[in-house]
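Report on the structure
Listed below are the residues making up each chain.
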Amino acid sequence: RYWSVTGVQTCALPIYNFYDGEGTTGVGAIGSFDTRTHKFEMRYLPEIVPWSGSAMRLDGDDLWIGLMRQPEGAAFGGGLLRYNVKTGAVTTYKIPDYIYTIDRLGDAIYCGTSNGIYSIRGADVRQMRFEPDATGKVVMTYSNFLPPR
């Protein structure tokens, strides 16, 4: 089964978003195509109506979607959405940066973003950034974010 966010092309390939000069690209749907039955299924989620997808990952029963908008000017992130394809449960994580990649390692989901790496373990969202300190040595800094809603 292949999953897609409306306006996004994906089949385990990079995701491409379409450009809408007004910044209103989302229609609130994710879709799947069943390769056995050759049928499409659309699921409408109010949480993604104003957004497009920047990255997706199907991890067991959870579909992870990086949310973004592309208005005039630079694109910006709208968080990380977790959708359980079996139960329909939706959780949104507050990640303020544009999400380029979503991956899993062990018990954590990692998002490569426009401003560092975010890890999600349960309700814990943590940002990791690499930047020089006063001496020029590169150090990693951590920030914790609000729990999911």
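These numbers were taken from a predicted model, which means no experiment stands behind them.

**Topic: unusual backbone geometry**
- Positive phi, normally seen in glycine, also occurs at H38, with a value near 60°.
- If you trace the backbone, H38 turns up in the loop between strand 4 (29-34) and strand 5 (39-44).
- On the basis of relative accessibility, which here comes to 57%, the residue H38 falls in the exposed class.

**Quick look at the pattern of salt bridges**
- Following the criterion strictly, the structure yields seven salt bridges and no others.
- Across the pair D59 and R104 runs a salt bridge whose closest N-O atoms are separated by 2.5 Å. Taken together, the residues D59 in strand 6 (residues 52-59) and R104 in strand 10 (residues 99-105) connect sequence positions 45 residues apart.
- Classification of R104 as partly exposed rests on a relative accessible area of 29%.

**Quick look at the sheet that holds strand 14 (residues 138-144)**
- Spatial ordering of the open sheet is given by 10-11-12-13-14, a layout of five strands whose pairing is antiparallel. Every other strand in the sheet has two partners, leaving strand 10 and strand 14 as the edge strands with one partner each. When the angles between neighbouring strand axes are averaged without regard to direction, this sheet yields 25°.
- Two elements, strand 13 (residues 124-132) and strand 14, share seven bridges in a ladder whose sense is antiparallel. Bridging across to strand 14, P132 finds its partner in V138.

**Thoughts on the nonpolar core**
- Membership of the largest hydrophobic core is limited to twelve residues, which are A55, W64, L80, Y93, I95, I99, I102, I109, C111, Y118, I120 and V125.
- Contributing elements (two or more residues each) for this core: strand 10, strand 11 (108-113) and strand 12 (116-121).

**Brief notes about the sheet that holds strand 6**
- Strand order in the open sheet formed by four strands is 6-7-8-9, and the pairing between neighbours is antiparallel. The two strands at the open ends of the sheet, each matched to only one other strand, are strand 6 and strand 9 (90-93). Strand-to-strand twist in this sheet, taken as the mean axis angle between neighbours without regard to direction, amounts to 20°.
- Pairing geometry for strand 6 and strand 7 (residues 62-69), over seven bridges, is antiparallel. If you follow R57 over to strand 7, its bridge partner there is W64.

**What to know about the environment of G122**
- When you line up the elements, G122 lands in the loop between strand 12 and strand 13.
- Spatially, the C-alpha atoms of G122 and I109 are 9.3 Å apart, while their sequence positions differ by 13 residues.

**As for a nonpolar patch on the surface**
- A surface patch of nonpolar side chains, about 500 Å² in accessible area, is lined by I117, F130, V138, M140 and Y142.
- Among the elements that line the nonpolar patch, the one with the most residues is strand 14, at three residues.
- On the secondary structure map, Y142 appears in strand 14.

What counts and what doesn't
- Residues numbered from 1 in each chain as written.
- Predicted model: local features only at pLDDT ≥ 70, side-chain atom pairs only at ≥ 80, totals over all residues.
- Heavy atoms only, no water.
- Helix = DSSP H or I, 4+ residues; strand = E, 2+ residues; numbered from the N terminus.
- Buried < 20%, exposed > 50% of the residue type's maximum accessible area, 1.4 Å probe, protein only.
- Salt bridge = Lys/Arg side-chain N within 4 Å of Asp/Glu carboxyl O.
- Pairing = 2+ DSSP bridges.
- Axes fitted to C-alpha atoms, helices over the stretch in contact; angles between N-to-C directions.
- Core = buried A, V, L, I, M, F, W, Y, C linked by side-chain atoms within 4.5 Å.
- Patch = residues over 30% accessible without salt bridge, like charges linked within 9 Å, V, L, I, M, F, W, Y side chains within 5 Å.
- Areas by Shrake-Rupley, 256 points an atom, 1.4 Å probe, with all protein chains shown as cover.

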